[in-house]
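Single-letter residue listing:
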Amino acid sequence: MARRIAAGAAYGGGSIGLIGAAAVGVFLAEVQLAKRQVGGGTAPVPPSADGRYGVAFAGPNDPLRLGMLGDSTAAGQGVRRAGQTPGALLASGLAAVAERPVDLRNVALPGARSDDLERQVSLLLADPARTPDVCVIMIGANDVTHRMPATQSVRCLTTAVRRLRTAGAEVVVGTCPDLGTIEPVYQPLRWLARRVSRQLAAAQTIGAVEQGGRTVSLGDLLGPEFAANPRELFGPDNYHPSAEGYATAAMAVLPTLCAVLGLWPESDRLDGSRREDILPVAKAASQAAREAGTEVTGARAPWALLKHRRRRRLPASTETEPAPHAHPDAAHGHM
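Computed from a prediction, not measured in an experiment: that's the story for all the values here. (Residues numbered from 1 in each chain as written. Predicted model: local features only at pLDDT ≥ 70, side-chain atom pairs only at ≥ 80, totals over all residues. Heavy atoms only, no water.)

Participant: When you look at the overall build of the chain in this model, what are you seeing that I'm missing?
Facilitator: Looking only at helices and strands, the chain features 12 helices and nine strands. Taken over 335 residues, the chain has a buried fraction of 55%. The long-range share in the chain, meaning contacts at least 24 apart out of those at least 6 apart in sequence, stands at 80%. (Helix = DSSP H or I, 4+ residues; strand = E, 2+ residues; numbered from the N terminus. Buried < 20%, exposed > 50% of the residue type's maximum accessible area, 1.4 Å probe, protein only. Contact = heavy atoms within 4.5 Å.)

Okay, structure coming up:
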């Protein structure tokens, strides 16, 4: 199914249904019930985390430039401090590994679907002198809940990855999270949400890898902790992650972010003890969608590397606020 979705996106195919028509009525009824309960709390407006991180590492080299794109998860909705957002966590972690300052610009928009990525990419690429060195995209949940055709969703993502790669930026995509982990969602919606989420995540992986990006499966937000401790890892609205949830996700994405920039050596040897393998890209994508925190990176077509990188604990400095620095559109980087 994931390959069919990706192929439909690449070749202009129409919508490919992720669930049978008989299930749609039940799905929509359960969605309305879940919405009434998920909205029980109020998620704060995500704080702007744009700025320079790792100022202690200032030296002769220019700062690395990190761009964040996507929806409320990329924006950091659900937390109140800038230093708790995923962009700030990744920027601080990247600065610590690179021993070099990192300039973060976050153009993610809460509620965004994949068709908003065109606007977000245009914002990041508006100034050719400030093209990001690397971008992280987290998108997909709103595509599922708003029933965006999967082929359209993947087409928008692959176009965004291609534009960023053509501009010279490395790209890491955090694929669609597992909506079956949302606590107020009941059966049969929980099973359907998990199935739809995983199929979209696998199709996103195929599309992104074929455009030269890497993916990390967000799944249940990157760890059994999310399912085991929903009260701790979900925010006050029972839908968006808490500070601990975002930190768990960032710890899983950071190793891939560093690897794509060549900040630690890549080994040609696969670690069998960590279930690493080289597989056809569609099979690697499907397997990654089933296990959160799995990285997929392209090898020689049609093969892809499946990796389970060791998570790196974030430095204590991630709890600090970004160091302000002037750039003309800093106030417009976070929507």
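Here the narrative resumes, following the displayed structure.
Participant: For this particular structure, what's the right way to read helix 11 (residues 243-260)?
Facilitator: Residues three or four positions apart in an α-helix share a direction because the helix packs 3.6 residues into each turn. Compared with an ideal rise of 1.5 Å per residue, which puts 18 residues at 26 Å, helix 11 spans 25 Å between its outermost C-alpha atoms and is within 8% of the ideal. At V253, helix 11 shows its maximal kink, close to 30°; a proline, P255, follows between one and four residues later. Most of helix 11 sits inside the fold, with 15 of its 18 residues counted as buried. (Expected span 1.5 Å × (residues − 1). Bend = angle between axes of the 7 residues up to and from the residue.)

Participant: It is not clear to me how the nonpolar core should be interpreted in this structure. Could you clarify?
Facilitator: Most often, soluble globular proteins keep nonpolar side chains buried together rather than apart. Counting residues in hydrophobic clusters, the biggest one holds 32 residues, and the most contacted among them are L66, L90, V136 and L257. Elements with a contribution of two residues or more to this core: strand 2 (64-70), helix 3 (72-75), helix 4 (86-98), strand 3 (102-106), strand 4 (134-138) and helix 11. Not counting the four nearest positions on each side in its chain, L90 is found in contact with L66, M68, V136, A250, V253, L254 and L257. Counting residues in hydrophobic clusters, the runner-up holds 17 residues, among them C135, V161, V173 and A208. (Core = buried A, V, L, I, M, F, W, Y, C linked by side-chain atoms within 4.5 Å.)

Participant: What should I look at first to understand the packing of helix 5 (residues 117-124) against helix 7 (residues 150-166) in this one?
Facilitator: The relative placement of two packed helices is expressed as an angle between their axes plus a distance between the axes. Contact pair helix 5 / helix 7: the axes reach a minimum separation of 9 Å and the direction vectors enclose 10°. One finds that helix 5 runs roughly parallel with respect to helix 7. Between helix 5 and helix 7 lies a crossing whose hand is right-handed. Only C156, L157, A160, R163 and L164 of helix 7 make contact with helix 5, whose side of the interface consists of L117, E118, V121 and S122. Class assignment of the residues belonging to the contact of helix 5 with helix 7 gives a composition of six nonpolar, one polar and two charged. (Axes fitted to C-alpha atoms, helices over the stretch in contact; angles between N-to-C directions. Parallel < 35°, antiparallel > 145°, perpendicular 65-115°, else oblique. Left-handed = near helix turned anticlockwise from the far one by under 90°. Nonpolar A, V, L, I, M, F, W, Y, C, P; charged D, E, K, R; others polar.)

Participant: Would you mind showing me how to read the pattern of salt bridges here?
Facilitator: One pass over the structure, following the stated rule, counts four salt bridges. The salt bridge partner of D103 is R52, with a shortest N-O separation of 2.6 Å. Taken together, the residues span a long stretch of sequence, with D103 in strand 3 and R52 in strand 1 (residues 51-53) at a distance of 51 residues. You can call R52 partly exposed: its relative accessible area is 27%. With a closest N to O distance of 2.9 Å, D116 and R119 form a salt bridge. Assessed through its relative accessible area of 15%, D116 is described here as buried. Judged by relative accessible area, R119 falls into the partly exposed class, the value being 28%. (Salt bridge = Lys/Arg side-chain N within 4 Å of Asp/Glu carboxyl O.)

Participant: Would you mind going over helix 5 with me for this structure?
Facilitator: Taken as a whole, helix 5 has its buried residues at L117, Q120, V121 and L124. Here the buried residues of helix 5 occupy an arc of 100° about the axis, which is enough to place them on one side. The elements touched by buried residues of helix 5 are strand 2, strand 3, strand 4 and helix 7. (Arc of directions from axis to C-beta.)

Participant: Sorry if this is basic, but what is going on with unusual backbone geometry here?
Facilitator: Glycine aside, negative phi is the norm for most residues, and most peptide bonds take the trans geometry. Within the chain, E99 stands out as a residue other than glycine whose phi angle is a positive 50°. Positionally, E99 belongs in the loop between helix 4 and strand 3. Phi at R147 takes a positive value of approximately 60°, unusual for a residue other than glycine. With respect to the secondary-structure elements, R147 resides in the loop between helix 6 (141-145) and helix 7.

Participant: When you look at the packing of helix 4 against helix 11 in this model, what are you seeing that I'm missing?
Facilitator: Contact geometry of helix 4 with helix 11 gives a least axis separation of 9 Å together with a crossing angle of 45°. Taken as axis vectors, helix 4 and helix 11 run oblique relative to one another. Viewed along their axes, helix 4 and helix 11 form a crossing whose handedness is right-handed. Residue-level contacts link P86, L89, L90, G93, L94 and V97 of helix 4 to Y246, A247, A250, V253, L254, L257 and C258 of helix 11. Residue composition of the contact of helix 4 with helix 11, by class: 12 nonpolar, one polar and no charged.

Participant: So what exactly am I meant to see when it comes to the sheet that holds strand 5 (residues 170-174) here?
Facilitator: As a general point, the strands of a sheet are linked pairwise by backbone hydrogen bonds and lie either parallel or antiparallel. Taken together, the nine strands give an open sheet; going across it, the order is 1-3-2-4-5-6-8-9-7, and neighbouring strands pair in mixed fashion. The open sheet has two edge strands with one neighbour each: strand 1 and strand 7 (277-280). Here the strands of the sheet are splayed against their neighbours by 25° on average, with no regard to which way each runs. Sheet topology note: the strand 4/strand 5 ladder contains five bridges and is parallel. Bridging from a neighbouring strand, V136 pairs with V172 of strand 5. Each of strand 7, strand 8 (295-298) and strand 9 (303-307) touches helix 12 (residues 281-290); the most contacted strand, strand 7, lies at about 115° to it. (Pairing = 2+ DSSP bridges.)

This is a description of form; function is not addressed.
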